[in-house]
Amino acid sequence: MRVLVGGGTGFIGTALTQLLNARGHEVTLVSRKPGSGRITWDELAASGLPSCDAAVNLAGENILNPLRRWNETFQKEVLGSRLETTQLLAKAITKAPQPPKAWVLVTGVAASKFSPATKEFLQGRNASGHGEVQGEDIQMALSPNGEILRAKEAYYQPSLTAEYDEDSPGGDFDFFSNLVTKWEAAARLPGDSTRQVVVRSGVVLGRGGGAMGHMLLPFRLGLGGPIGSGHQFFPWIHIGDLAGILTHALEANHVHGVLNGVAPSSATNAEFAQTLGAALGRRAFIPLPSAVVQAVFGRQRAIMLLEGQKVIPRRTLATGYQYSFPELGAALKEIVA
């Protein structure tokens with residue numbers, strides 16, 4: 001199978017590409033820079049979709065860029081990079097003489113708040129101030145020690161008690177969650193010639209990148225612990241399983257619609273901290289108070305640390321996907337080994 005992967009040079013894209021290649025598939029990346037096995041976004045816009053059997057979009061501006069402040073300008077770039085690439089791929093698929101058999105969009109499970117200026121941008125202006133934007137909320141997934149990990153989109157409302165699966169109502173509890181529904185609707189293609197899948201990912205855990213790349217040092221030093229009350233849920237997934245779910249969605253013709261890209265075993269923030277400490281042979285009992293989180297990171301980023309959701313991958317399991325790392329303890333031991 002020939003697979004086109006937008007934004008395939010990052011942590012998730014690298015893992016997905018390696019798995020696809022190992023399974024005998026041919027991968028072409030869409031990137032800002034030309035190179036072997038790649039096309040650029042400009043080439044995609046000018047020449048249309050290259051011949052392929054499936055397409056995936058993982059693209060987005062690196063929210064972890066240490067040279068950039070998290071201000072309104074950078075927020076717009078982070079949002080625009082995701083919205084524009086999704087629209088570009090969807091348009092190219094629609095216009096392709098022979099459209100791919102599968103189109104997979106990766107979004108997320110938790111929400112954040114943005115400034116009024118960013119709201120205005122999302123409601124109908126792109127980064128240059130012109131044109132319509134159709135899109136979904138962007139979520140900042142953060143590690144337990146407060147590092148910004150990855151931008152994602154939002155759907156399920158934070159709760160200490162609710163349990164969400166793919167059929168749970170969502171996307172309508174505030175402005176940003178409504179954007180989730182709009183973006184997923186905008187990515188939906190007309191007709192049924194292309195099978196469409198949305199994977200809503202949790203925080204991705206893996207060796208050499210993602211969340212673990214930022215939290216291992218403080219936990220190795222015995223400085224890790226729960227954030228705030230620690231009672232908030234921490235929806236997580238091992239990088240191997242996220243790549244596995246995406247590959248499953250591409251290969252299995254019966255898979256369509258929304259899949260939750262989270263592990264089947266849920267954990268709170270405190271349970272995650274304790275389990276990671278145990279995997280490292282370190283105690284993890286030093287809490288980070290809510291007031292400190294809000295003072296250091298501001299309200300919009302603090303929300304991502306202090307709130308969470310219990311998300312269940314019911315449809316993912318029903319499609320027949322078998323997790324390699326369904327339990328947090330085993331996942332973390334593999335990562336830190």
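Remember, it's a predicted structure, so these values are computed and weren't measured experimentally. (Residues numbered from 1 in each chain as written. Predicted model: local features only at pLDDT ≥ 70, side-chain atom pairs only at ≥ 80, totals over all residues. Heavy atoms only, no water.)

## Regarding the overall build of the protein chain
Here is step 1: When you go through the protein chain residue by residue, the secondary structure sums to 11 helices and 14 strands.
Here is step 2: Burial statistics for the protein chain: of 337 residues in total, 56% are counted as buried.
Here is step 3: Carbon and sulfur atoms make up 50% of the accessible area of the protein chain, which amounts to about 14,600 Å² in all. (Helix = DSSP H or I, 4+ residues; strand = E, 2+ residues; numbered from the N terminus. Buried < 20%, exposed > 50% of the residue type's maximum accessible area, 1.4 Å probe, protein only. Areas by Shrake-Rupley, 256 points an atom, 1.4 Å probe, with all protein chains shown as cover.)

## Brief notes about the pattern of salt bridges
Here is step 1: Here the structure, examined in full by the defined rule, presents six salt bridges.
Here is step 2: Between R314 and D165 there is a salt bridge, and its shortest N-O distance comes to 3.0 Å. Of this pair, R314 sits in helix α10 (residues 314-318) while D165 sits in the loop between β8 (163-164) and α5 (175-187); the two residues are 149 residues apart in sequence, bridging distant segments of the chain.
Here is step 3: Among the ionic contacts, a cluster of salt bridges with common partners joins D165, D167 and R314. (Salt bridge = Lys/Arg side-chain N within 4 Å of Asp/Glu carboxyl O.)

## With respect to helix α8 (residues 269-280)
Here is step 1: The end-to-end C-alpha distance of α8, which contains 12 residues, comes to 17 Å, matching closely the 16 Å that a straight helix rising 1.5 Å per residue would cover.
Here is step 2: For α8, the full list of buried residues reads N269, A270, F272, A273, L276, G277 and L280. Considered in projection along α8, the buried side chains sweep an arc of 160 degrees and stay on one side of the axis. Set apart from the buried face of α8 by more than 90 degrees, the exposed residues are Q274 and A278.
Here is step 3: Buried positions along α8 lie against β10 (203-206), α6 (212-220) and α11 (328-336).
Here is step 4: Downstream of α8 by one or two residues, G281 has phi in the positive range, about 70 degrees. (Expected span 1.5 Å × (residues − 1). Arc of directions from axis to C-beta. Contact = heavy atoms within 4.5 Å.)

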